[in-house]
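Examination of the molecular architecture
Given next are the chains, with one letter for each unit.
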Amino acid sequence: MNRTPGRPLRADAERSVRAILAAAERVLAEHPGATMEQIAEAAGVTRTTVHRRFANRQALVDALATEAAAKLAEAIEDGHPETAPPLVALHRATANVLRVKAAWGFALGPAAAGSEPAARIHEEIARRCVELLGRIQEQGVIAPDADLEWVRRVYYALIGEVLHGEPAHGCGPAAAGTATAGTTTAGTTTAGTTTAGTATTGTATAGTTAALDPDALAARIVDTVLHGVGPRPAG
C-alpha cells in the first residue's frame, strides 16, 4: 500500500482503502484473475483511486493478505489465549477464526500467500497457538510427551478440512507445515469455507461456515484434536 511511514491516512482515504480491500476480496474470491478495473468498479471508485493507493495488482493482493492476517490475529486476541482458561480460549479463538476464514477466503488462501507482512503475522499466530497448546498440555489434557508443533499442524489441518474439504494453505508455516487461513493462536485454525454440513470428526462437506454454526464446528474441532476419534474410556 502506498502509505508514508508514520503518517496515517486521512479518514476519507482510509475508508477508500477499506472499500477497495473489501471489494477485492469479493471479486477475487469469485474471479481470481479479475483486473484492477473490475475491483475499482466493485468498490465504487475510479481506477485512478485504486492505483493511487496500490502501485499494482500484486501490491493490492499483498495488502489484502496482510489485512486478512490482521483480522485473524484480532480474532485470536479476542479469545484471550494468554489469560482465559486454556480450553475456553481455544474454543473461542477457533470459532472466531472460522468466521474470519469464511469471510476472507481469497485473502487467506494460496493465491494471496506471498505477502511478507502477512507471513510474519501468521508466524506469530502459530507461535501463540503452540503456547496455548502448551497451557492445555500443562493441565494434562494433552499427553506430556506430545509434539506440540505436530498438534498445531493437525489442528490447522482440521480447520482446513472443515472450511475447504482439504488442509488449508495460508497462514505461515502450516498447511503442510504452514498455517493457512486459520491459523491458530490459541489453538485456532485457518482456512476458508466449509463444505456442506456434516462430516465426521469435525469436518463438514460443502457449503460455508456462514450456513453452519462456527461455535458447534469449533467444539467438534477441539474435541477431535484433544480426544481423537477412538472410543471414550468407560466412566
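Our focus in this paragraph is the overall build of the chain. Helix and strand counts for the chain stand at 8 helices and 0 strands. Secondary structure of the chain in N-to-C order comes out as α-α-α-α-α-α-α-α. Within the chain, the fraction of its 235 residues that count as buried is 48%. If you take every contact in the chain between residues at least 6 apart in sequence, the share linking residues at least 24 apart comes to 63%. Counting every atom, the chain has about 10,800 Å² of accessible surface; 55% of that belongs to carbon and sulfur.

The next subject is the nonpolar core. Residues Leu28, Phe54, Leu60, Leu64, Leu98, Tyr155 and Ile221 are the most contacted members of the largest nonpolar core, which totals 59 residues. Listing elements by their share of this core, those giving two or more residues are α1 (11-30), α2 (36-43), α4 (57-77), α5 (86-103), α6 (116-138), α7 (148-164) and α8 (214-227). Broken down by element, this core gets its largest block of residues, 11 residues, from α4.

A few words on the side chain of glutamate 25. Along the polypeptide, glutamate 25 turns up in helix α1. For the buried glutamate 25, no salt bridge is present, and the opposite-charge side chain at shortest range is arginine 26, 9.3 Å distant. Engagement of the side chain of glutamate 25 in a polar contact is seen with the backbone nitrogen of glycine 105, the distance being 3.1 Å. Residue contacts for glutamate 25: discarding those within four places in its chain leaves Leu64, Ala103, Trp104, Gly105, Phe106 and Ala107.

Turning our eyes to something else, we now look at α1. Helix length check: α1, at 20 residues, gives a terminal C-alpha distance of 29 Å against a target of 28 Å (1.5 Å per residue), a fit within 8%. Three or more residues of α1 are buried, namely Ala13, Glu14, Ser16, Val17, Ile20, Leu21, Ala23, Ala24, Glu25, Val27 and Leu28. Considering only its buried residues, α1 is in contact with α2, α3 (47-53), α4 and α5.

Here we come to α5. Since the α-helix packs 3.6 residues into each turn, any two residues three or four apart lie on the same face. Given a rise of 1.5 Å per residue, 18 residues ought to cover 26 Å, and the 26 Å separating the end C-alpha atoms of α5 matches this to within 8%. Every buried residue belonging to α5 is among Pro86, Ala89, Leu90, Ala93, Thr94, Ala95, Asn96, Val97, Leu98, Val100 and Lys101, and all of these are buried. Those residues of α5 that are buried lie in contact with α4, α6, α7 and α8.

Moving on, we come to the side chain of asparagine 96. Counting through the fold element by element, asparagine 96 comes out in helix α5. According to the relative accessible area criterion, asparagine 96 is buried, its value standing at 13%.

Our next topic: the confidence of the model for the chain. On average, the chain scores 81 in pLDDT, and the residues at 70 or more come to 76%. Between residues 1-7, whose pLDDT stays under 50, and residues either more than four places distant or in other chains, the model counts 13 contacts. This model gives residues 166-210 a pLDDT under 50, and the stretch forms 202 contacts once residues within four places in sequence are excluded.

On to unusual backbone geometry, then. Unlike most non-glycine residues, histidine 80 shows phi in positive territory, near 50 degrees. Inspection of the secondary structure puts histidine 80 in the loop between α4 and α5. Here histidine 80 falls in the partly exposed class, since its relative accessible area comes to 41%.

With that out of the way, let us pick up the packing of aromatic side chains. As enumerated under the stated definition, the model contains 1 aromatic pair in all. Considering the side-chain rings of tyrosine 155 and tyrosine 156, the 6.3 Å spacing of their centres and the 50 degrees angle between planes classify their relative orientation as tilted. For the residue pair tyrosine 155 and tyrosine 156, the accessibility class agrees, reading buried in each case. Lying across the ring of tyrosine 156, arginine 152 places its NZ or CZ 4.6 Å from the centre.

Considering the arrangement of structural elements, one finds tryptophan 104 in the loop between α5 and α6. Taking the C-alpha atoms as reference points, tryptophan 104 and alanine 69, 35 residues apart in sequence, are found 9.3 Å from one another. The contacts of tryptophan 104, once residues within four sequence positions are left out, are Glu25, Leu64, Glu67, Ala68 and Lys71.

Criteria and cut-off values
- Residues numbered from 1 in each chain as written.
- Predicted model: local features only at pLDDT ≥ 70, side-chain atom pairs only at ≥ 80, totals over all residues.
- Heavy atoms only, no water.
- Helix = DSSP H or I, 4+ residues; strand = E, 2+ residues; numbered from the N terminus.
- Buried < 20%, exposed > 50% of the residue type's maximum accessible area, 1.4 Å probe, protein only.
- Contact = heavy atoms within 4.5 Å.
- Areas by Shrake-Rupley, 256 points an atom, 1.4 Å probe, with all protein chains shown as cover.
- Core = buried A, V, L, I, M, F, W, Y, C linked by side-chain atoms within 4.5 Å.
- Lys, Arg positive; Asp, Glu negative; His and termini not counted.
- Salt bridge = Lys/Arg side-chain N within 4 Å of Asp/Glu carboxyl O.
- Polar contact = N/O pair within 3.5 Å; in protein donor to acceptor, adjacent residues only side chain to side chain.
- Expected span 1.5 Å × (residues − 1).
- pLDDT = per-residue confidence, 0-100.
- Phe/Tyr/Trp six-rings, centres within 6.5 Å; stacked < 30°, edge-to-face > 60°.
- Lys NZ or Arg CZ within 6 Å of the ring centre and 35° of its normal.

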